[in-house]
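What follows is each chain in one-letter form.
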Amino acid sequence: MWNDLLLILDATLRISVPFVFAAMGGIFAERSGVIDFGLEGKMLGGAFVAATVAYWTQSAWWGLLGSIGIGIIFSMIHGYASITKRGNQVVSCVAINIFAMGLTVVLANAWFGMGGKTPQLSREARFMSIELPYAEEFRDIPILGDIYYEIISGHSILVYIAFLMVPVTAWIIFKSSFGLRLRATGENPLAVDTTGISVNKTRYQALLLNGILGGMSGAYLSTAHLAFFVKDMSAGKGYIALAAMIVGKWRPYPAMFACLLFSFLFAIKDKPEVFDLLKGIVPVKLLNSFLDMSPYILTVIFLAGFVGRAVAPKAIGQPFSKEK
Amino acid sequence: MNEGHANTLVVTLVTITNLLLAFLVSGIVIWVLGEDPWFALKTMLYGAFGYDEGLGYTLYYTTNFIFTGLAFAVGFHCGLFNIGAEGQAYIGGLGVGLVCLWLENWPLWLVFPLAVLASIVLGGLWGAIPGYLKAKRGSHEVVTTIMFNFIASVVMVNLLSHVLRPPKEMSPESREFGEGVWIPQMHEIFEWFGIEITQTPLNGTFIFALICLFLVWRFIWYTRWGYELRTVGTNETAAVYAGISVSKNIIIAMVIGGGLAGFVGINEIMGSSHRLMLNFQAGIGFTGIAVSLIGRNHPLGILLAALLFGILYQGGAELSFEVQAIDRHMVVLIQGLVILFAGALENLFRPQIEQFVKRLAT
């Protein structure tokens, strides 16, 4: 039982990484007043570029850089459409997501001809798990040693970076002067403008960070979690991250916990023990599909605010115009 | 030239410019892949129109896109962004399939309205839940409808592989319906009039789609309900002030949208494959967004845009067959660009075009 729990928590952590990256990225964009439903596209694009660049250069780090690049490109397109051209932000996001869906498969097929997949990456070209110091030695310590060995140690570097991003995001948003401007831009852009700070510039800066994090979420999928890119790899994870961010009320730590909760569901749904446990309650024939759809259903339930109402930044989705 | 004409001209020019921009970028992608964009264009057009079988397929795809385009447009008029036509078509199609399996010995004129009803009930339900959550709980419909697409997919995979699959078959499909409930194919309909055309999947649903276009047009612009719906979409506060229920209209718009999306099942399931199968709706729902946006959410525009995407689908299939390096997903990429340029960046060249029309008028 204890071992099962350790394994489940370990899996939860691994699964949560793309959610955490994307949710932090989403926080930056939305706190500045720009809607970001485009995390899905950035994740998908990031996953493809990371796998492709890592394969060509045989270096996971170049892959990561590539994914950041595509994330920034996508978020700048979004910024141009929604900040500069004051277009409909939701439309722009959906456009990016669908564009990414098409582009990744077209390029993957043209370059590799493997039905939308990229070639398997060698160990050097992906992020392998790293053992933290003294993991073996501490193993003998009851409980804490296990936790350290099984859960905390033995992940790829991106897992640690993702969880480091949470305090970093929290610090930038709530403690830095840039964060103050960012939040003010999302709540009351006119007031920001009267202090002589450019609303649009602040929003572009927020989107830059958003693109970096969005791209990284994809890199994790294709160069750490798996060792290749495959068509539609993100499978709605970008939207789930967005839901986690909303459930977390646009705050980094609560958003991280929401990500962990969703990941926990992904982690347990394939466990035979869970299957046995629910066998008595749900008919066996339906159980598999019930488990398969549970993360999506719970996303809907959480989003519906059955766990408390979420209040978005006030100026979200509104392009700024001085003339108003 | 009066104001109305000038406006129409501006809108038309803006739409065409945006479309050309999307094609230009797509052409660049093809060029980057080392292929010849001109050749690609010619191949696509030939594939879509060059021979009557191609034309049949083009119109067959057009039928689907009319339904999902309308599904998106109805929501859009109510201020909603329904990107769940994919799941609504899937579940609505399930309703169509179940009716056909159940009543396969009944005459078509009885089964058809029941299938339409089943599609409206199930597809509508799949739209109504996100609609309800939006109206009552404020959950954004973009996230919930996407989640419902995934849920629909899980439901269908399980139903088809465990419940509806005949025991001895391997592939996750239902059995074939009795021939009595198949919608006549276009070549059969033409035969009644003594005209011979090539056999394609194009079937009578195309006519039903045209009727739907007309009905939606009447509904949105000439009924009280349509008026209420548009009022909610244009100005929620004004709607509340006028005594119009916002929640009710959001839910109605989602039910209508879901039902319309479900009609994809009539074209695909009842009109062509004659059995329930996996992923018959794949990509059609998302295409509806581009169709509606480029058609400016108006039934006539949707008809033209659906035809355009029918051409892109059929021509794209031809192209990927001719040129191995260009995948069928090229059309998904073009969709994304069309949504970007016609939806989010619609004002990119609008000032210049307005200037141009103004100069033209004087």
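Criteria and cut-off values
- Residues numbered from 1 in each chain as written.
- Chains lettered and ligands numbered in written order.
- Predicted model: local features only at pLDDT ≥ 70, side-chain atom pairs only at ≥ 80, totals over all residues.
- Heavy atoms only, no water.
- Patch = residues over 30% accessible without salt bridge, like charges linked within 9 Å, V, L, I, M, F, W, Y side chains within 5 Å.
- Areas by Shrake-Rupley, 256 points an atom, 1.4 Å probe, with all protein chains shown as cover.
- Salt bridge = Lys/Arg side-chain N within 4 Å of Asp/Glu carboxyl O.
- Lys, Arg positive; Asp, Glu negative; His and termini not counted.
- Charge placed at Lys NZ, Arg CZ, Asp CG, Glu CD.
- Helix = DSSP H or I, 4+ residues; strand = E, 2+ residues; numbered from the N terminus.
- Buried < 20%, exposed > 50% of the residue type's maximum accessible area, 1.4 Å probe, protein only.
- Axes fitted to C-alpha atoms, helices over the stretch in contact; angles between N-to-C directions.
- Parallel < 35°, antiparallel > 145°, perpendicular 65-115°, else oblique.
- Left-handed = near helix turned anticlockwise from the far one by under 90°.
- Contact = heavy atoms within 4.5 Å.
- Nonpolar A, V, L, I, M, F, W, Y, C, P; charged D, E, K, R; others polar.
- pLDDT = per-residue confidence, 0-100.

Moving on to a negative patch on the surface. Residues and elements named next belong to chain A. Where like charges cluster on the molecular surface, the negative patch consists of Glu131, Glu136, Glu137 and Asp140. If you trace the backbone, Glu136 turns up in helix H5 (residues 135-138). Of the residues examined, Glu136 reaches a relative accessible area of 42% and is grouped as partly exposed.

Moving on: the packing of helix H12 (residues 252-268) of chain A against helix H14 (residues 284-303) of chain A. Residue and element names in this part refer to chain A. Direction vectors running N to C along H12 and H14 enclose 155°, while the axes themselves pass 9 Å from each other. Put simply, H12 runs roughly antiparallel to H14. The chirality of how H12 crosses H14 is right-handed. On H14, the residues that touch Leu261, Phe262, Leu265 and Phe266 of H12 are Pro295, Leu298, Thr299 and Phe302. When grouped by side-chain class, the residues that make up the contact of H12 with H14 number 7 nonpolar, 1 polar and no charged.

Quick look at the confidence of the model for chain B now. On average, residues of chain B score 89 in pLDDT, and 100% of them reach the 70 mark or higher. Looking over chain B, one finds the lowest element-wise mean pLDDT in helix H15 (residues 350-361) of chain B, namely 84, and the highest in helix H8 (residues 205-222) of chain B, namely 95.

As a further point, take the pattern of salt bridges. All names here are of chain B. Across all of its chains, the model carries 10 salt bridges over all chains by this definition. With its nearest N and O atoms 3.6 Å apart, the salt bridge here joins Arg224 to Glu228. Residue Arg224 and its partner Glu228 are both found in helix H9 (residues 224-234); the two are separated by 4 residues, about one turn of the helix. Take Arg224: its relative accessible area is 62%, and that puts it in the exposed class. Residue Glu228 is classed as buried on the basis of its relative accessible area, which comes to 11%. A salt bridge links Glu354 to Arg350; its shortest N-O distance comes to 3.4 Å. Note that Glu354 and Arg350 are positioned in helix H15 at a spacing of 4 residues, about one turn of the helix. On the accessibility criterion, Glu354 (36% relative accessible area) is partly exposed.

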